[in-house]
Amino acid sequence: MELFISGEILAYDEEERLIAIKQKRRINLYYIQRSLLNKISKYLIEGRFIQFMCNDETRMYRNFKVYTVDYIVKIQCIRYRKNIVYYDVKDIQSGTKSLINSLDNKMFLDLEMSMHPYTVNKSFKQEIIQAGIYLVDKTDNVIQELSINIRPTVHPKLTKRTLKFLQITQEEIDKGVSFKEFYEIFDELVDIYDPAIIVWGRNDFLALRDSYRINKVPSIAHKTRYINLLKLHKNFYNLKNDLGLFNAYKLYEDVEDVQSHNAFEDAVVTYKIFNGFKKVLNKELQVDTSKYK
C-alpha cells in the first residue's frame, strides 16, 4: 500500500539519501533512491515543503528505520502571497503530452548488435548488424519500411552467441549491405524528412555513435533528434526500473508473443507502444503499471 506524505523538510542528508519529515508528532526518515535523487536533489533544501508517495512498510537502512520514497509529487517553498514551485510531476506529465502531440514525421528505429563471444575477448567491438526503420508522417501514413542486414566491418564473422540470440545466419549477414551503405540510407532519410527518431532506451543512439567512429564516417548526430520512449515511460509512470520493450507493449495490447529480437519487428512494436502511450497522455486510454513499480 502507498502512503501520501506532505510536510516540511526538517533535515536532508545527501550522502545517505535521507530526508526527515514530521508526521503526526513524530519525525520519520524517508530514503530516496539514487535514480530519483539525481532528478530532484537540487531542489531538496531544509525548510521547503515536499509531497511524495512512499511504501507503507519500513525497513532498516544504516541502523535507521526508513520508508522508501516511490516518487515525488511536488517540491515548493510556501510563501504568503504565492508559493514558489520547484518541481511538480504534473508539469512533467503536461510537458510529455505537448512533446508527443507536437511531433510530425517520426522514425521508429531499432538496431541489433553483434555480441561478444562466450570467451572473453577484450579486443572485440560490437557492431550494428541489423536495422529496422518504420517511418510515418504526422497522421501515421507510412513513408518508409526498411529491414536491413549490415555486414560488420571489424569482425565480419558473427559469434555463435550472436547467431543463437538473434536467430540469424552468417549467410544472411554476408548478403547484407556495408555500414557505409546503411549510413547513406539513414542520412538521406534524415535529410529529406527531418524525423523525430523514436528509440527504446539509449543503446541505439550509442551504437550509432560508436559505428560512426569505427567506420570513419562523419557523425550526423548534429542533425538528428532522438526521443527515448523508455525514459518518457519511466518518468511519466514513475517507474523505479527500466521497462522492457515487450512489457511496455503488453500495457497497450493483449499480446503473448515472445520478443523475437528482429530489428524491424521491434521498430514496429516501438511504433505501437508510442501510439498507446499517446492515447494515455490524451486520456483516451488507461493502463495499469502497478506490477512494474
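Residues numbered from 1 in each chain as written. Predicted model: local features only at pLDDT ≥ 70, side-chain atom pairs only at ≥ 80, totals over all residues. Heavy atoms only, no water.

Turning our eyes to something else, we now look at the pairing of strand β9 (residues 128-136). Two faces belong to every sheet, and in a regular strand the side chains alternate between them. Within β9, 9 of the 9 residues are buried, leaving the element largely enclosed by the surrounding structure. As paired elements, strand β8 (residues 106-113) and β9 share 8 bridges and run antiparallel to each other. From the neighbouring strand, F108 faces β9, where its bridge partner is Y134. Examined bridge by bridge, β9 and strand β10 (residues 142-149) share 7 bridges and lie antiparallel to one another. For Y134, the partnering residue across the bridge sits in β10 and is E145. (Buried < 20%, exposed > 50% of the residue type's maximum accessible area, 1.4 Å probe, protein only. Helix = DSSP H or I, 4+ residues; strand = E, 2+ residues; numbered from the N terminus. Pairing = 2+ DSSP bridges.)

Moving on: the environment of F108. In this structure, F108 sits in strand β8. Judged by relative accessible area, F108 falls into the buried class, the value being 0%. Setting aside anything within four residues of it in sequence, one finds F108 in contact with G132, I133, Y134, V136, I198, A267, T270, Y271 and F274. (Contact = heavy atoms within 4.5 Å.)

What follows deals with empty space enclosed by the protein. Under the criterion given, the structure shown has 1 cavity of 30 Å³ or more. Size it by volume and the largest cavity reaches roughly 40 Å³. E127, I128, R151, P152, T153, F179, S211 and N215 are the residues that line the largest cavity. Its residues assigned to classes, the lining of the largest cavity comprises 3 nonpolar, 3 polar and 2 charged. (1 Å grid on protein atoms, 1.4 Å probe; cavity = no way out; pocket = protein on both sides within 12 Å on 5 of 7 lines; lining within 4 Å. Points joined across faces, edges and corners; volume = space filled by probe spheres on them. Nonpolar A, V, L, I, M, F, W, Y, C, P; charged D, E, K, R; others polar.)

Now for the pattern of salt bridges. For the structure shown, the criterion picks out 9 salt bridges. Between R62 and E16 there is a salt bridge; the shortest N-O distance is 2.7 Å. Linking R62 in the loop between β5 (49-61) and β6 (64-77) with E16 in the loop between β2 (11-13) and β3 (18-23), this pair joins segments that are 46 residues apart in sequence. You can call R62 exposed: its relative accessible area is 53%. Taking the relative accessible area as the measure of exposure, E16 reaches 18% and is therefore buried. Put simply, K234 and D242 hold a salt bridge, and the shortest N to O gap is 2.9 Å. Taking relative accessible area as the criterion, K234 reaches 23% and is therefore assigned partly exposed. For D242, a relative accessible area of 54% gives the class exposed. Taken together, the shared-partner salt bridges in this structure form one network comprising D187, D191 and K223. (Salt bridge = Lys/Arg side-chain N within 4 Å of Asp/Glu carboxyl O.)

Let us look at the packing of aromatic side chains. Counted under the stated rule, the structure contains 17 aromatic pairs. Ring geometry for Y31 and Y61: centres 4.7 Å apart, planes at 50°, overall tilted. In this pair, Y31 sits in strand β4 (residues 26-31) while Y61 sits in strand β5, placing the two residues 30 residues apart along the sequence. We classify Y61 as buried; its relative accessible area is 11%. When the centroid spacing of 6.5 Å and the interplanar angle of 35° are considered together, the rings of F179 and Y183 count as tilted. On the criterion of helical spacing, the pair formed by F179 and Y183 is a turn pair, its members being 4 residues apart in helix α5 (residues 179-193). In this structure, F179 and Y183 share a single accessibility class: buried. Above the ring of Y86, the side-chain terminus of R48 is found at 3.5 Å from the ring centroid. The ring centre of Y31 lies 4.9 Å from the NZ or CZ of R59, which sits over that ring. (Phe/Tyr/Trp six-rings, centres within 6.5 Å; stacked < 30°, edge-to-face > 60°. Lys NZ or Arg CZ within 6 Å of the ring centre and 35° of its normal.)

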